[in-house]
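# A structural walkthrough
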Amino acid sequence: MALTAGIVGLPNVGKSTLFNAITKKNILAANYPFATIDPNVGMVTVPDKRLSFLEELYIPDRLIPTMYEFTDIAGLVKGASNGEGLGNKFLSHIREVDAIVEVVRCFNNKDIIHVEGQVDPIRDIEIINVELILADLEIIENRIARIGKKAALSKDKEVIKESELMNKIKNALLDNTPVKKIELNEEELKMIKAFNLLTQKPIIYMANISEEDLIEDTNEYVEKVREYASKEGNSVITVCAKIESELSELNEEDKSAFLEELGIKESGLDKLIKETYNLLGLATYFTVGSDEVRAWTFKKGMKAPECAGIIHTDFERGFIRAEVMGYEDLKKYGNEKSVKEAGRTRLEGKEYIMQDGDICNFRFNV
């Protein structure tokens, strides 16, 4: 399962520059609104130092890390949900993503136009969040229009339940409350799953700052964003698009040296990936061999058959057992044989809950 995120923001906040940097794609990054019209999709590998050890140990023909897919979409402006700018065209492109990364401009630069006239990150955030709410409201109201009469005349309990739920969500959205803040039970969550509501998705605010502010770690705009995000229960990551652009041109060794020189522990992309994994409750297991060493992303709490199904549905359907050893044990003992001799390999059944760092060999029969 590839992790997916939609990058959104007002025009000229640094969305496309960041997208260029983190995916090493040279898309158009221009100093005027709507430079990005069609969505740009790029894949980046999820950094995992454990893969380096596994590659050295197994010397595989192929090394396949897990992936993170970014979709960069046209800059949003006030009134997009009513057709301003590029309107709702852009919103449809992020309904399938796991998380929304909202890029917020937190730097001053008189040479870069701000679509609203001046830098004000909270105003920018509220413009975007209101547009997301309005976009969801349109979907809910369309659904109410379709089932409203049927619910009023029908004795079908399911139709009545859905109608009540749609009106509950509509009222919340009209009150400026995102769907993720509404108390919904498991049955209600299943009812709205197909709608892929934007305000139900987790948001990470990516504060784009200047090179000077990144090094000094002081920025009044960022502090305002953090305060705002904390009230919502959302995360904030600081990033400098200019630095990320320079890092994207370097190999891993030079990248580490550059970050050390700047006094920065990790790049903005690495921080984003780590935060997204944490936010979505994701972890990684591995399959290993001389032909291939591969990382697989799964949701914490998933059982062994479900994780096997990430590789292929047949693995889940015909699951028998999983042969499992921990990455830390393999690193400690040096090879599979020594891990087995130490009694640290185990056979796990259908109820086993997969752990981060598990190295698995699935047995199945279909």
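Residues numbered from 1 in each chain as written. Predicted model: local features only at pLDDT ≥ 70, side-chain atom pairs only at ≥ 80, totals over all residues. Heavy atoms only, no water.

### Quick word on the pairing of strand 6 (residues 203–208)
Note the threshold: Type-normalised accessible area, obtained with a 1.4 Å probe on protein chains alone, sets the label of each residue: buried when under 20%, exposed when over 50%, and partly exposed for intermediate values. Comment: elements are numbered from the N terminus, with helices defined as DSSP H or I runs of at least four residues and strands as E runs of at least two. Here the rule is simple: two strands pair whenever DSSP picks up at least two bridges between them.
By the criterion of burial, strand 6 is predominantly enclosed, with six of the six residues buried. Of the two faces of strand 6, the one lined by Ile-203, Tyr-205 and Ala-207 and the one lined by Ile-204, Met-206 and Asn-208 are each fully buried. Pairing between strand 5 (residues 99–105) and strand 6: six bridges, direction parallel. Each bridged residue has a counterpart across the sheet, and for Val-104 the counterpart in strand 6 is Ala-207. Relative to strand 7 (residues 235–239), strand 6 runs parallel, the two being bridged by five bridges. Each residue of the ladder has a partner; that of Asn-208, found in strand 7, is Val-239.

### Re the packing of aromatic side chains
The following threshold applies: Whether two aromatic rings pair depends on their centres lying within 6.5 Å, for rings of Phe, Tyr and Trp, where Trp uses its six-membered ring; planes under 30 degrees apart make the pair stacked, over 60 edge-to-face, and the rest tilted. Comment: the charge-over-ring label is applied if NZ (Lys) or CZ (Arg) is within 6 Å of the ring centre and within 35 degrees of the ring normal.
The final tally for this structure, using the stated rule, is eight aromatic pairs. Ring geometry for Tyr-68 and Phe-70: centres 4.3 Å apart, planes at 10°, overall stacked. Given the relative accessible area of 0%, Tyr-68 is considered buried. A ring pair is formed by Tyr-285 and Phe-362, whose centres lie 5.8 Å apart and whose planes are at 85°; its orientation type is edge-to-face. Remark: Phe-362 occurs in strand 12 (residues 358–364) and Tyr-285 occurs in strand 8 (residues 282–287); sequence separation between them is 77 residues. What makes Tyr-285 buried here is its relative accessible area of 0%. Of note, Arg-105 hangs over the ring of Phe-107, and the distance from its end group to the ring centre comes to 4.6 Å.

### Quick notes on helix 10 (residues 268–280)
Stated precisely, the cut-off is as follows: Helix span, expected: 1.5 Å multiplied by one less than the number of residues in the helix.
With 13 residues, helix 10 should reach 18 Å at 1.5 Å per residue; the first-to-last C-alpha distance of 18 Å fits that figure. Every buried residue of helix 10 is listed here: Gly-268, Leu-269, Asp-270, Leu-272, Ile-273, Thr-276, Tyr-277 and Leu-280.

### Quick notes on the pattern of salt bridges
Operational definition: Between Lys or Arg on one side and Asp or Glu on the other, a salt bridge is scored when a side-chain nitrogen of the former is within 4 Å of a carboxyl oxygen of the latter.
The full count for this structure, using the stated rule, is 19 salt bridges. Across the pair Lys-242 and Glu-246 runs a salt bridge, and its minimum N-O distance is 2.9 Å. Residue Lys-242 and its partner Glu-246 are both found in helix 8 (residues 241–247); the two are separated by four residues, about one turn of the helix. Under the relative-accessibility criterion, Lys-242 is labelled partly exposed at 47%. Here Asp-270 ties to Lys-255 by a salt bridge, and the two come within 4.0 Å at their closest N and O atoms. With Asp-270 in helix 10 and Lys-255 in helix 9 (residues 252–262), this pair connects stretches of sequence that are 15 residues apart. Considered together, Asp-270 and Lys-255 belong to a single accessibility category, that of buried residues. Look at the salt bridges and you will find they share partners, linking Asp-48, Arg-50 and Asp-356 into a network.

### Describing the nonpolar core
Defined as follows: Grouping buried Ala, Val, Leu, Ile, Met, Phe, Trp, Tyr and Cys residues that are joined through side-chain atoms within 4.5 Å yields what is termed a nonpolar core. Between two residues, a contact is recorded if the distance between any of their heavy atoms is within 4.5 Å.
Core analysis: the biggest nonpolar cluster contains 57 residues, and Tyr-68, Phe-70, Cys-106, Tyr-205 and Leu-272 have the highest contact counts within it. For this core, the element with the highest residue contribution is helix 3 (residues 121–153), accounting for six residues. With residues up to four places along the chain from it excluded, the contact list for Tyr-205 reads Glu-102, Val-104, Ile-125, Asn-129, Val-225, Tyr-228, Ala-229, Glu-232, Asn-234, Ser-235, Val-236 and Ile-237. Within the second largest apolar cluster, 17 residues are counted, among which are Phe-298, Cys-307, Phe-319 and Tyr-352.

### Focus: the side chain of Thr-287
So the rule is basically this: Polar contact is defined as a pair of N or O atoms within 3.5 Å, subject to the rule that within protein one atom must be able to donate a hydrogen and the other to accept it, and that residues adjacent in sequence are counted only when both atoms are side-chain atoms.
Looking at the element boundaries, Thr-287 is found in strand 8. Only 2.9 Å separates the side chain of Thr-287 from the side chain of Trp-296, close enough to count as a polar contact. Leave out the neighbours within four places in its chain, and Thr-287 touches Glu-292, Val-293, Arg-294, Trp-296, Ile-311 and Cys-360.

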